[in-house]
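# Topology and contacts: notes
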Amino acid sequence: MENTLTREENFIIIDNDKCPCGSGKPYKECCKKHNYEYNTLGKNYEGKEIIFNQSLNMKIYDDIVNYAMDNIFSLNGQPVLMVSKALDMLKEIYIKVDKGINQFSQYAPCKKGCGSCCSLYLECTDIEAELIRRYINETRTPEEIDALNKKVKIMLETIATTGSPHVLQEKELDKLYLNYASKRKSCIFLNEDKSCSIYEVRPLSCRKFLVFTSAENCSLKEEIVTPSLAPGNIGRLAVDNLSMVVGKYKNLNYLDGQDMKPIMKSLIQWFKNGFDDISKNK
Ligand code: SF4
Ligand code: SF4
Ligand SMILES: [Zn+2]
(Lines give C-alpha, C1' and ligand atoms only; values in the text may rest on other atoms or scores of the structure.)
(Ligands and ions follow the chains in the order given, each with its own letter.)
Protein backbone atom coordinates (compact mmCIF):
# COMPACT_ATOMS: atom_id res chain seq x y z
CA MET A 1 0.00 0.00 0.00
CA GLU A 2 1.33 3.38 -0.94
CA ASN A 3 1.72 5.81 1.84
CA THR A 4 1.95 8.96 -0.17
CA LEU A 5 1.05 11.64 2.26
CA THR A 6 3.27 10.99 5.22
CA ARG A 7 4.76 14.28 6.23
CA GLU A 8 8.47 14.39 6.90
CA GLU A 9 8.66 15.75 10.43
CA ASN A 10 12.06 17.32 10.10
CA PHE A 11 12.00 18.79 6.64
CA ILE A 12 14.50 21.62 6.42
CA ILE A 13 16.25 23.43 3.62
CA ILE A 14 19.86 24.28 4.27
CA ASP A 15 21.16 27.66 3.09
CA ASN A 16 23.31 26.19 0.33
CA ASP A 17 20.63 23.79 -0.96
CA LYS A 18 19.22 24.60 -4.38
CA CYS A 19 16.22 26.81 -3.88
CA PRO A 20 12.97 24.81 -4.24
CA CYS A 21 11.47 27.56 -6.43
CA GLY A 22 13.54 26.24 -9.31
CA SER A 23 15.69 29.35 -9.84
CA GLY A 24 18.88 27.28 -9.69
CA LYS A 25 20.32 29.63 -7.06
CA PRO A 26 21.14 28.56 -3.49
CA TYR A 27 18.23 29.04 -1.08
CA LYS A 28 20.09 31.68 0.95
CA GLU A 29 20.54 33.83 -2.16
CA CYS A 30 17.01 33.36 -3.36
CA CYS A 31 13.76 32.72 -1.48
CA LYS A 32 15.36 33.00 1.95
CA LYS A 33 15.88 36.66 1.19
CA HIS A 34 12.10 37.05 0.88
CA ASN A 35 11.60 35.02 4.06
CA TYR A 36 9.86 32.30 2.08
CA GLU A 37 9.54 29.11 4.05
CA TYR A 38 9.06 25.78 2.32
CA ASN A 39 7.34 22.67 3.59
CA THR A 40 6.49 19.20 2.31
CA LEU A 41 3.38 17.04 2.10
CA GLY A 42 5.39 13.84 1.79
CA LYS A 43 6.15 11.93 -1.38
CA ASN A 44 4.05 11.58 -4.50
CA TYR A 45 3.54 8.52 -6.73
CA GLU A 46 6.97 9.03 -8.33
CA GLY A 47 8.69 9.28 -4.97
CA LYS A 48 9.16 13.01 -5.48
CA GLU A 49 9.01 15.18 -2.38
CA ILE A 50 5.94 17.44 -2.56
CA ILE A 51 7.64 20.67 -1.61
CA PHE A 52 5.58 23.83 -1.49
CA ASN A 53 6.08 27.45 -0.55
CA GLN A 54 4.38 27.57 2.83
CA SER A 55 4.57 31.37 3.01
CA LEU A 56 2.86 31.72 -0.35
CA ASN A 57 0.29 29.11 0.66
CA MET A 58 -0.56 31.08 3.81
CA LYS A 59 -0.66 34.31 1.84
CA ILE A 60 -3.22 32.88 -0.58
CA TYR A 61 -5.20 31.40 2.30
CA ASP A 62 -5.28 34.79 4.03
CA ASP A 63 -6.21 36.48 0.78
CA ILE A 64 -9.27 34.22 0.40
CA VAL A 65 -10.23 34.68 4.06
CA ASN A 66 -9.95 38.46 3.78
CA TYR A 67 -11.92 38.51 0.56
CA ALA A 68 -14.67 36.42 2.16
CA MET A 69 -14.71 38.55 5.33
CA ASP A 70 -14.88 41.84 3.46
CA ASN A 71 -17.29 40.83 0.73
CA ILE A 72 -19.35 37.84 1.80
CA PHE A 73 -19.52 37.23 5.55
CA SER A 74 -20.23 40.91 6.08
CA LEU A 75 -23.39 40.56 3.94
CA ASN A 76 -25.13 38.21 6.34
CA GLY A 77 -28.46 39.60 7.38
CA GLN A 78 -28.83 41.68 4.24
CA PRO A 79 -31.80 40.77 2.10
CA VAL A 80 -30.47 40.15 -1.41
CA LEU A 81 -27.21 39.90 -3.26
CA MET A 82 -27.63 40.37 -7.00
CA VAL A 83 -26.79 37.19 -8.90
CA SER A 84 -24.54 39.02 -11.38
CA LYS A 85 -22.51 40.48 -8.52
CA ALA A 86 -22.33 37.06 -6.83
CA LEU A 87 -21.05 35.50 -10.06
CA ASP A 88 -18.24 38.06 -10.24
CA MET A 89 -17.34 37.22 -6.65
CA LEU A 90 -17.40 33.52 -7.40
CA LYS A 91 -14.98 34.00 -10.32
CA GLU A 92 -12.69 35.99 -8.03
CA ILE A 93 -12.67 33.15 -5.48
CA TYR A 94 -11.95 30.61 -8.23
CA ILE A 95 -8.93 32.65 -9.39
CA LYS A 96 -7.54 32.72 -5.86
CA VAL A 97 -8.16 29.01 -5.24
CA ASP A 98 -6.57 28.07 -8.60
CA LYS A 99 -3.50 30.07 -7.68
CA GLY A 100 -3.23 28.17 -4.40
CA ILE A 101 -3.79 24.75 -5.96
CA ASN A 102 -1.34 25.44 -8.82
CA GLN A 103 1.57 25.16 -6.45
CA PHE A 104 0.74 21.51 -5.95
CA SER A 105 -0.36 20.52 -9.47
CA GLN A 106 3.19 19.86 -10.66
CA TYR A 107 3.35 16.87 -8.28
CA ALA A 108 0.04 15.36 -9.43
CA PRO A 109 -0.36 13.04 -12.44
CA CYS A 110 -3.51 15.00 -13.41
CA LYS A 111 -3.49 16.39 -16.92
CA LYS A 112 -5.83 17.21 -19.77
CA GLY A 113 -7.27 14.06 -21.27
CA CYS A 114 -7.00 12.03 -18.07
CA GLY A 115 -10.61 12.06 -17.00
CA SER A 116 -11.40 8.98 -14.91
CA CYS A 117 -12.12 11.25 -11.98
CA CYS A 118 -14.85 12.85 -14.09
CA SER A 119 -17.13 9.91 -13.40
CA LEU A 120 -17.07 10.38 -9.66
CA TYR A 121 -19.95 11.91 -7.74
CA LEU A 122 -19.47 15.63 -7.71
CA GLU A 123 -21.48 18.29 -5.98
CA CYS A 124 -21.84 22.01 -6.30
CA THR A 125 -23.92 24.88 -5.01
CA ASP A 126 -26.56 27.00 -6.72
CA ILE A 127 -24.27 29.89 -7.63
CA GLU A 128 -21.76 27.53 -9.23
CA ALA A 129 -24.52 25.83 -11.21
CA GLU A 130 -25.79 29.27 -12.26
CA LEU A 131 -22.35 30.20 -13.61
CA ILE A 132 -22.31 27.00 -15.66
CA ARG A 133 -25.91 27.53 -16.83
CA ARG A 134 -25.09 30.99 -18.18
CA TYR A 135 -21.88 29.77 -19.78
CA ILE A 136 -23.75 27.01 -21.58
CA ASN A 137 -26.41 29.43 -22.82
CA GLU A 138 -23.74 31.83 -24.07
CA THR A 139 -21.49 29.31 -25.77
CA ARG A 140 -23.78 26.57 -27.11
CA THR A 141 -26.25 26.37 -29.95
CA PRO A 142 -29.85 25.31 -29.19
CA GLU A 143 -29.03 21.92 -30.74
CA GLU A 144 -26.03 21.49 -28.47
CA ILE A 145 -28.15 22.41 -25.46
CA ASP A 146 -30.74 19.84 -26.55
CA ALA A 147 -28.01 17.22 -26.72
CA LEU A 148 -26.84 18.16 -23.23
CA ASN A 149 -30.40 17.95 -21.93
CA LYS A 150 -30.65 14.44 -23.33
CA LYS A 151 -27.42 13.47 -21.58
CA VAL A 152 -28.79 14.81 -18.30
CA LYS A 153 -31.97 12.75 -18.68
CA ILE A 154 -30.00 9.58 -19.43
CA MET A 155 -27.71 10.17 -16.45
CA LEU A 156 -30.64 10.73 -14.13
CA GLU A 157 -32.37 7.58 -15.37
CA THR A 158 -29.36 5.34 -15.00
CA ILE A 159 -28.04 6.69 -11.78
CA ALA A 160 -30.18 6.35 -8.72
CA THR A 161 -29.34 9.38 -6.67
CA THR A 162 -31.32 11.26 -4.13
CA GLY A 163 -32.47 14.82 -4.68
CA SER A 164 -31.15 15.88 -1.32
CA PRO A 165 -27.76 14.41 -0.50
CA HIS A 166 -27.39 17.01 2.23
CA VAL A 167 -29.96 15.23 4.40
CA LEU A 168 -28.12 11.91 4.23
CA GLN A 169 -26.01 10.45 7.02
CA GLU A 170 -22.35 9.78 6.37
CA LYS A 171 -22.84 6.05 5.74
CA GLU A 172 -25.66 6.63 3.28
CA LEU A 173 -23.52 9.22 1.53
CA ASP A 174 -20.67 6.73 1.15
CA LYS A 175 -23.13 4.31 -0.41
CA LEU A 176 -24.29 7.01 -2.79
CA TYR A 177 -20.73 7.86 -3.85
CA LEU A 178 -19.78 4.22 -4.36
CA ASN A 179 -22.95 3.45 -6.26
CA TYR A 180 -22.31 6.44 -8.50
CA ALA A 181 -18.68 5.51 -9.16
CA SER A 182 -19.58 1.90 -9.90
CA LYS A 183 -21.77 3.03 -12.83
CA ARG A 184 -18.73 4.62 -14.46
CA LYS A 185 -20.82 7.28 -16.14
CA SER A 186 -18.81 10.23 -17.34
CA CYS A 187 -19.80 13.74 -16.44
CA ILE A 188 -22.10 15.29 -19.06
CA PHE A 189 -19.47 17.99 -19.65
CA LEU A 190 -16.63 15.61 -20.44
CA ASN A 191 -15.55 15.81 -24.09
CA GLU A 192 -14.77 12.75 -26.21
CA ASP A 193 -11.06 13.49 -25.79
CA LYS A 194 -11.61 13.48 -22.00
CA SER A 195 -11.09 17.20 -21.64
CA CYS A 196 -13.59 19.31 -19.74
CA SER A 197 -15.95 21.28 -21.99
CA ILE A 198 -16.69 23.84 -19.26
CA TYR A 199 -13.12 24.07 -17.92
CA GLU A 200 -13.15 27.80 -17.17
CA VAL A 201 -16.38 27.60 -15.16
CA ARG A 202 -15.99 24.13 -13.65
CA PRO A 203 -17.07 23.97 -10.02
CA LEU A 204 -14.81 24.14 -7.01
CA SER A 205 -15.10 20.37 -6.40
CA CYS A 206 -13.28 19.83 -9.72
CA ARG A 207 -10.74 22.60 -9.17
CA LYS A 208 -9.57 21.27 -5.84
CA PHE A 209 -9.60 17.63 -6.93
CA LEU A 210 -6.09 16.43 -7.56
CA VAL A 211 -4.21 13.36 -6.42
CA PHE A 212 -0.64 12.44 -5.63
CA THR A 213 -1.21 8.74 -6.27
CA SER A 214 -0.77 7.39 -9.79
CA ALA A 215 -3.39 8.00 -12.49
CA GLU A 216 -3.93 4.23 -12.74
CA ASN A 217 -5.35 4.19 -9.24
CA CYS A 218 -8.02 6.60 -10.37
CA SER A 219 -9.20 4.46 -13.25
CA LEU A 220 -9.42 1.51 -10.88
CA LYS A 221 -11.21 3.76 -8.38
CA GLU A 222 -8.95 2.33 -5.73
CA GLU A 223 -6.81 4.07 -3.19
CA ILE A 224 -7.46 7.55 -4.46
CA VAL A 225 -5.76 9.88 -2.02
CA THR A 226 -7.03 13.41 -2.43
CA PRO A 227 -5.00 15.77 -0.29
CA SER A 228 -6.74 18.30 1.85
CA LEU A 229 -5.30 21.58 0.62
CA ALA A 230 -5.75 24.83 2.50
CA PRO A 231 -6.73 27.07 -0.46
CA GLY A 232 -9.35 24.54 -1.59
CA ASN A 233 -10.83 24.18 1.86
CA ILE A 234 -11.09 27.85 2.63
CA GLY A 235 -12.40 28.34 -0.92
CA ARG A 236 -15.22 25.91 -0.13
CA LEU A 237 -16.18 27.94 2.92
CA ALA A 238 -16.22 31.15 0.89
CA VAL A 239 -18.26 29.64 -1.95
CA ASP A 240 -20.74 28.02 0.47
CA ASN A 241 -21.33 31.32 2.20
CA LEU A 242 -21.68 33.13 -1.09
CA SER A 243 -24.25 30.55 -2.21
CA MET A 244 -26.14 30.94 1.01
CA VAL A 245 -26.41 34.69 0.74
CA VAL A 246 -27.41 34.69 -2.91
CA GLY A 247 -29.64 31.63 -2.58
CA LYS A 248 -31.80 33.20 0.09
CA TYR A 249 -34.32 34.79 -2.17
CA LYS A 250 -34.94 31.56 -4.04
CA ASN A 251 -34.85 29.40 -0.91
CA LEU A 252 -31.82 27.55 -2.18
CA ASN A 253 -30.57 26.84 1.29
CA TYR A 254 -31.78 24.82 4.24
CA LEU A 255 -31.74 24.85 8.01
CA ASP A 256 -29.55 22.27 9.72
CA GLY A 257 -30.24 22.62 13.41
CA GLN A 258 -29.53 26.28 14.04
CA ASP A 259 -27.36 26.75 10.96
CA MET A 260 -28.37 27.87 7.49
CA LYS A 261 -26.54 25.83 4.87
CA PRO A 262 -26.40 26.03 1.09
CA ILE A 263 -28.06 23.21 -0.82
CA MET A 264 -25.38 21.09 -2.45
CA LYS A 265 -26.50 18.84 -5.25
CA SER A 266 -24.84 16.68 -7.83
CA LEU A 267 -23.95 18.71 -10.90
CA ILE A 268 -26.53 17.05 -13.16
CA GLN A 269 -29.36 17.51 -10.68
CA TRP A 270 -29.07 21.27 -11.03
CA PHE A 271 -29.94 20.84 -14.69
CA LYS A 272 -32.60 18.17 -14.46
CA ASN A 273 -35.20 20.49 -16.01
CA GLY A 274 -32.84 22.06 -18.49
CA PHE A 275 -30.56 25.06 -18.60
CA ASP A 276 -33.24 27.71 -18.07
CA ASP A 277 -33.55 28.60 -14.42
CA ILE A 278 -31.78 26.95 -11.54
CA SER A 279 -34.65 27.51 -9.12
CA LYS A 280 -36.95 25.46 -11.39
CA ASN A 281 -34.67 22.51 -10.79
CA LYS A 282 -34.86 22.66 -7.05
S1 SF4 B 1 -7.58 12.81 -10.38
FE2 SF4 B 1 -6.85 10.93 -11.36
S3 SF4 B 1 -8.17 10.61 -13.16
FE4 SF4 B 1 -8.41 12.74 -12.48
S5 SF4 B 1 -6.97 13.88 -13.73
FE6 SF4 B 1 -5.93 13.37 -11.79
S7 SF4 B 1 -4.85 11.44 -12.20
FE8 SF4 B 1 -6.35 11.73 -13.84
S1 SF4 C 1 -17.21 19.60 -14.85
FE2 SF4 C 1 -15.42 19.15 -16.09
S3 SF4 C 1 -13.78 18.68 -14.63
FE4 SF4 C 1 -15.70 18.57 -13.54
S5 SF4 C 1 -16.32 16.41 -13.61
FE6 SF4 C 1 -17.29 17.44 -15.35
S7 SF4 C 1 -15.90 17.19 -17.05
FE8 SF4 C 1 -14.75 16.74 -15.17
ZN1 LIG D 1 13.82 30.72 -4.69
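Here the structure is a predicted model, which means the values were calculated and not measured.

What follows deals with the site of ligand 2. Taken together, Cys118, Leu122, Cys187, Phe189, Leu190, Cys196, Ile198, Arg202 and Cys206 make up the full set of residues near ligand 2. For the shell around ligand 2, the class distribution of residues is eight nonpolar, no polar and one charged.

On to the pairing of strand S5 (residues 259-262), then. Pairing between strand S4 (residues 253-256) and S5: four bridges, direction antiparallel. Across the sheet, Asp256 pairs through a bridge with Asp259, a residue of S5. Connecting S4 to the antiparallel partner S5 that follows it, the hairpin turn spans two residues, and Gly257 within it adopts a positive phi of roughly 65°.

Within the secondary structure, Lys111 sits in the loop between helix H2 (83-105) and strand S3 (123-124). When the 11 C-beta atoms within 10 Å are taken as the criterion, Lys111 is described as exposed. Residues Lys111 and Ala215, 104 residues apart in the sequence, show an inter-C-alpha distance of 9.5 Å.

We now examine the environment of Cys117. In this structure, Cys117 sits in the loop between H2 and S3. For Cys117, a count of 20 C-beta atoms within 10 Å corresponds to the buried category. Between the C-alpha atoms of Cys117 and Cys218, which are 101 residues apart in sequence, the distance is 6.4 Å. Apart from the residues within four sequence positions on either side, Cys117 is in contact with Phe209 and Cys218.

Bringing helix H3 (residues 126-139) into the picture now. For H3, with 14 residues, the first-to-last C-alpha span of 20 Å sits near the 20 Å given by 1.5 Å per residue. Three or more residues of H3 are buried, namely Asp126, Ile127, Glu128, Ala129, Glu130, Leu131, Ile132 and Arg133. Looking at the buried positions of H3, the neighbouring elements they touch are H2, S3, helix H6 (204-207), helix H8 (230-247) and S5.

Thresholds applied
- Residues numbered from 1 in each chain as written.
- Chains lettered and ligands numbered in written order.
- Predicted model: local features only at pLDDT ≥ 70, side-chain atom pairs only at ≥ 80, totals over all residues.
- Near = placed C-beta within 6 Å.
- Nonpolar A, V, L, I, M, F, W, Y, C, P; charged D, E, K, R; others polar.
- Pairing = 2+ DSSP bridges.
- Helix = DSSP H or I, 4+ residues; strand = E, 2+ residues; numbered from the N terminus.
- Buried ≥ 20, exposed ≤ 12 C-beta atoms within 10 Å, placed from the backbone.
- Contact = placed C-beta atoms within 7 Å.
- Expected span 1.5 Å × (residues − 1).

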